[in-house]
Structures are given as C-alpha cells and as structure tokens.
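One letter stands for each residue in the lines below.
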Amino acid sequence: MTSTPNPDPVSGPSPAFPRSSRTAQALHWLTSVLVLAVLPLAWVATSLARDAAAKPVLFQFHKSVGLTILALVVARILWRTFNPPPPEVSEPAGLALIARVSHWLLYAVFLLMPVSGFLLSAFNGSTTQFFYLFPIPGFEKNEAIRNLLQSVHLAGQWAVYALVLLHIAGTVWHVAIRRDGVLDRMLPEQKPLIRG
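Not measured: the values here are computed from a predicted model.

A. Here's a closer look at the packing of helix α1 (residues 22-47) against helix α2 (residues 54-82). It is at 9 Å that the axes of α1 and α2 come closest, and there the two elements cross at 155 degrees. Compared by their axis directions, α1 and α2 come out roughly antiparallel. With respect to the hand of their crossing, α1 and α2 are arranged in left-handed fashion.

B. Broad picture of the confidence of the model for the protein chain. Per-residue pLDDT for the protein chain has a mean of 86; in total, 86% of the residues score no lower than 70. Between residues 1-16, whose pLDDT stays under 50, and residues either more than four places distant or in other chains, the model counts 19 contacts.

C. Structural context of the pattern of salt bridges. Taken as a whole and judged by the stated rule, the model has 1 salt bridge. A salt bridge links R146 to E143, with the nearest nitrogen and oxygen atoms 4.0 Å apart. Linking R146 with E143, this pair stays in helix α4 (residues 143-178), spanning 3 residues, or about one helical turn.

D. Representation of the nonpolar core. Ranked by size, the top nonpolar core spans 20 residues in total, and within it L39, V65, I69, V109, F110 and V160 carry the most contacts. F110 has contacts with V35, I69, L70, V73, V160 and V164, leaving out every residue within four places of it along the chain.

Reading guide: rules and limits
- Residues numbered from 1 in each chain as written.
- Predicted model: local features only at pLDDT ≥ 70, side-chain atom pairs only at ≥ 80, totals over all residues.
- Heavy atoms only, no water.
- Axes fitted to C-alpha atoms, helices over the stretch in contact; angles between N-to-C directions.
- Helix = DSSP H or I, 4+ residues; strand = E, 2+ residues; numbered from the N terminus.
- Parallel < 35°, antiparallel > 145°, perpendicular 65-115°, else oblique.
- Left-handed = near helix turned anticlockwise from the far one by under 90°.
- pLDDT = per-residue confidence, 0-100.
- Contact = heavy atoms within 4.5 Å.
- Salt bridge = Lys/Arg side-chain N within 4 Å of Asp/Glu carboxyl O.
- Core = buried A, V, L, I, M, F, W, Y, C linked by side-chain atoms within 4.5 Å.
- Buried < 20%, exposed > 50% of the residue type's maximum accessible area, 1.4 Å probe, protein only.

So this is what it looks like as structure tokens:
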C-alpha cells in the first residue's frame, strides 16, 4: 500500500489533494517557461541572415537559456530523488505507464538538448557567453564531432516537440475529460474564500 509522503517543510502541511512541494512546483513551472523561451530564440536566430547583427546575440541567449534548463532539470531530478512526488491518481495501467515513461523521456531530452547544443557550439570553436555575464570557452574546432552533434541536436528538437505536445495533451485530458485534479499537483494550494 502506498503511503502519503511526509509534508515538505517548504510547502507546509499536506492539502486534501496531495500536491507536489512548492520547490517541485517552482522548478516545474520555471523549466516550462524557459522551454517556451528557448525554442523561439532558436527559430528566430536561424531565420535571420548570416550577417544580421542580432543573430549571434540570439544564439548566445538561446545557449544560455539551454544551460539554465540543464541546471534546473538536474535540480529537479535530485529533488525528486530525495523528495518523492505524491501518489499518482488512479488510472488505467497502460496510461499510467505512458505518463511515467513520457515524464522520464522529457527529463532525458532536456538533458540531451543543452549538452548537445553547447558541445555543438564548443566544437565549432565558439565561446558561449552565459547571458553575457561570463564566457565558457569552446574547444578546438572538430568538424566531424560538430556534424554528429548537429544531427543529435536536430533529432532531439523533434523529440522535444513530440514529448511537450504529448505532455500538454495529457494535461488537457486530465483537466477537461477526467477532471481528476492531476493539474492541482503542480499548482499552489488555494485558500478557501471566506464569505461573511
């Protein structure tokens, strides 16, 4: 029998519907916002002319956001390891397996993309300016490794699209069709309105 996890000291007592801790919620939504930012930065940067002044700037921000996502995902995995999420909502075994696998695939692809993207740039001999706060030097230029990493990064891009859309579709299904409160796990507890 699965027991309800102990209350997280950060989030206080467990609500009626078990929610993730405030730390897990913050890491989840911050990662989501940055993923929604990193993709348009890449789309716009690649669409600009080679000599456009904004192109290298956008790529630097794209790489900086990607490395931030990498740090957040590592933090999320470590937090989840030592602070297990609340028990899963009862649903068909097949759907529960899909949800579990897709979550871990999201973690994997959000680790793969920043690492492959940074190395792709580094093996092109480029320096990454992390939000223009400090430089991360590149390596000696290696065309063969760079081409391999470019293929990995491109494949990972399509994996991101597929997994994010699957994640959103699953959320919509839980909210609009099952109405089982799954989304509440990642939302702060709302205090009831007192009417007088």
